[in-house]
Amino acid sequence: MIRSLLAVPAALCLLLLTWSSTALAQQGNPDDVVWVQVEAQPSLTRATDRARAYAAQLDDVNGFAVGGGWYAIVVGPYRRADAELVLRSYRRDRIIPRDSFIQLSSRLRQQFWPVGANVLGNGAVAAPESTLPATAPEAPVTDTPVEPLAQDTETPAAPAPADETPQQARQSERLLDGDGRKALQIALKWAGFYTAGIDGSFGRGTRNSMAAWQEANGFEVTGILTTQQRAVLLQQYNAVLDGMDLQIVTDTQAGIEMLVPLGVVAFDRYEPPFAQYNSTGDVPAQVLLISQPGDRATLAGLYEIMQTLEIVPLEGPRERKRDSFTLVGEDARQISYTEVTLQNGEIKGFTLIWPTGDEERRRRVLGEMRSSFTRIDGVLSPSAGVAGTQSIDLVAGLQIRKPKLSRSGFFITARGDVATTAQAVQSCSRITLDTDTEAMVIAQDAASGIALLKPSAALAPLAVAQLTAQEPRLQSEVAAAGYSFEGVLSAPSMTFGTLADVRGLDGEDTLKRLSLKARDGDAGGPVLDQSGQVIGMMMPRDGGEGVLPEDVSFARDAASVVAASAEAGLTLPASQITPAGLTPFQIAQRATGMTVLVSCWD
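These numbers were taken from a predicted model, which means no experiment stands behind them.

What to know about the pattern of salt bridges
Move 1: In the structure shown here, the tally under the stated rule is 22 salt bridges.
Move 2: Between Arg362 and Glu359 there is a salt bridge, and its shortest N-O distance comes to 2.9 Å. Remark: Glu359 and Arg362 occur in helix α9 (residues 359-372); sequence separation between them is three residues, near one turn of the helix.
Move 3: Classification of Arg362 as buried rests on a relative accessible area of 11%.
Move 4: Between Arg415 and Asp417 there is a salt bridge, with its nearest N and O atoms 3.3 Å apart.
Move 5: Arg415 gets classed as partly exposed once you look at its relative accessible area, which sits at 33%.
Move 6: Residue class for Asp417 comes out buried when judged on its relative accessible area of 2%.
Move 7: Within the structure, one salt-bridge network assembled from shared partners comprises Asp268, Arg269 and Glu271.

Structure below.
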């Protein structure tokens, strides 16, 4: 595995950013509201720790994001005159670093310290008394000349002179190649000063954007960037990558060479078709190199499998072509990007998983990875790596996306409308039938615990429930169908028992008490009599009846389901008279044909 360093030292970035910020902030009116910046960190966690440490010693400590992935610790805000006194005093007493400087409010973005504070725009506060000069007592009138009080001779630094004249800047600019000139335009566009195309030609639009950038950063406005100014601009642009330690990784087993952010991930293992790079620190990032032999059918299968993984959230664009696909998934926790292509019988690509809320850095890292991705000889062998933990919930060591809750339901119309327990549809962002068919709630009744669902597309059930209006006989045999193990098994299970009572424990005539061992996943499933007709819906075991013996369950009667369906405007099939005495196999065949897995997703 070959690696070559591509990161710019963070210290140089701070030096250049500090130089440009200082030059800008030293100019202005004494009554301007400004800050004293004492430190900057490229990590929010580190910046918070440092802000907390400064706050233990100093007044008016605040922390703000300043762009480019950096976080500044400042004190203030003060009038400029007071800020300069604070700066000199704290420097003199060695409380803050010597390179601390006056910072402008316009450079500060979202506040992160103190937590929940937002003091931008609130105006200046009084400088700490310890930083103000002492007032000398009134001197008595004498004939002897009085020596003047010694004054602090330290004065604000003058703006640094330009490193080149405009003529010299043009000469050094001519030494740039096409890529170097385009890089400046890209950086100006990123900074918000350039809106035209990236062509490497420095026309009027580029010159105007350079002038605007110079003005915003406190440089003499010439429209021609000097060597030092170009360095500052590019460093501002690349500062977001500090700490990423982007390095070329050459994986000869996977046959892939590309830049990988080794500052936040490290190689973990091979689990074909993936080479997995997992997070090593505060950034919960992950990189997968994808490599396997195959054809278009294999590619199509990979496309489908990737979308079942937790690392690919449901929301986001998908694009599939004959020989390639891209997947973007985003939720409140992470953003996932996958790009895969098929060439010469080899399927190769990568996935980048990055935390939500760090979009600027994610886009830059992703851009570097995409532009550097190179196919080399070799493809990951199906036998590569050491076998990891085996589980039906894992694909190549990656967790399959699972619903937060799964229960049972049963078809009540020929187009696929479903009755289920209201428990199954609470606080769901998405509801599915048998995992892949979307459904919506058309009615639910908290009192009865019944919910009715309509599939997104008409279905063709193998069987539809025949809801009986007849009162079942006490002690008669009954059967319940349901996904007892919440989808672990691909088909519903059957549980047999007897009707213990036609009422609930408190005499409710809409409940039937069953002598039957049910599990949580059975809730919402149908309960059938010996003729195969549905006498009720299995209710959750945690339905407020307290701790019950394990062989005691309850079913909401069929009449309640019929009433709920009529109120929702559903037309149920007419009940048919069927002979009693069906065999257990016949009952199971009918029951499993009408039973469906109902899943609730975050």
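Here the narrative resumes, following the displayed structure.
Some remarks on the nonpolar core
Move 1: Ranked by internal contacts, the top residues of the largest apolar core, which has 29 residues, are Tyr277, Leu289 and Trp354.
Move 2: Elements that contribute at least two residues to this core include exactly β6 (246-251), β7 (256-261), β8 (265-271), β9 (274-279), β10 (286-293), β14 (346-355) and α9.
Move 3: Counting residues per element, this core draws most heavily on β7, which supplies four residues.
Move 4: When residues no more than four places from it in sequence are discounted, the contact partners of Trp354 are Met244, Pro261, Val264, Val283, Ala285, Arg333, Gln334, Ile335, Arg361, Arg362 and Val365.
Move 5: Counting 21 residues, the second largest nonpolar core, distinct from the first, contains Val38, Tyr78, Ile96 and Ala127.

Things to note about the sheet that holds β10
Move 1: A sheet is described by the order of its strands in space; here seven strands give the open sequence β8-β9-β10-β14-β13-β12-β11, paired in antiparallel fashion. What marks the edges here is a single partner per strand, and that holds for β8 and β11 (318-320). Strand after strand, the sheet turns through a mean of 10 degrees between neighbouring axes, direction not considered.
Move 2: Across three bridges, β11 lies against strand β12 (residues 324-330) in antiparallel orientation. Bridge pairing in β12 links Glu319 to Thr326.
Move 3: Of the strands in this sheet, β9, β10, β11, β12, β13 (334-343) and β14 are in contact with helix α8 (residues 296-306), which crosses β12 at around 0 degrees.
Move 4: Most of the contacts of α9 go to β14, to which it runs at about 165 degrees, and overall it touches β10, β13 and β14.

Quick notes on the confidence of the model for the protein chain
Move 1: Per-residue confidence for the protein chain gives a mean pLDDT of 84, with 86% of residues at or over 70.
Move 2: The low-confidence segment residues 1-26 (pLDDT under 50) makes 64 contacts with residues lying over four places distant or belonging to another chain.

Quick notes on the rules
Residues numbered from 1 in each chain as written. Predicted model: local features only at pLDDT ≥ 70, side-chain atom pairs only at ≥ 80, totals over all residues. Heavy atoms only, no water. Salt bridge = Lys/Arg side-chain N within 4 Å of Asp/Glu carboxyl O. Helix = DSSP H or I, 4+ residues; strand = E, 2+ residues; numbered from the N terminus. Buried < 20%, exposed > 50% of the residue type's maximum accessible area, 1.4 Å probe, protein only. Core = buried A, V, L, I, M, F, W, Y, C linked by side-chain atoms within 4.5 Å. Contact = heavy atoms within 4.5 Å. Pairing = 2+ DSSP bridges. Axes fitted to C-alpha atoms, helices over the stretch in contact; angles between N-to-C directions. pLDDT = per-residue confidence, 0-100.

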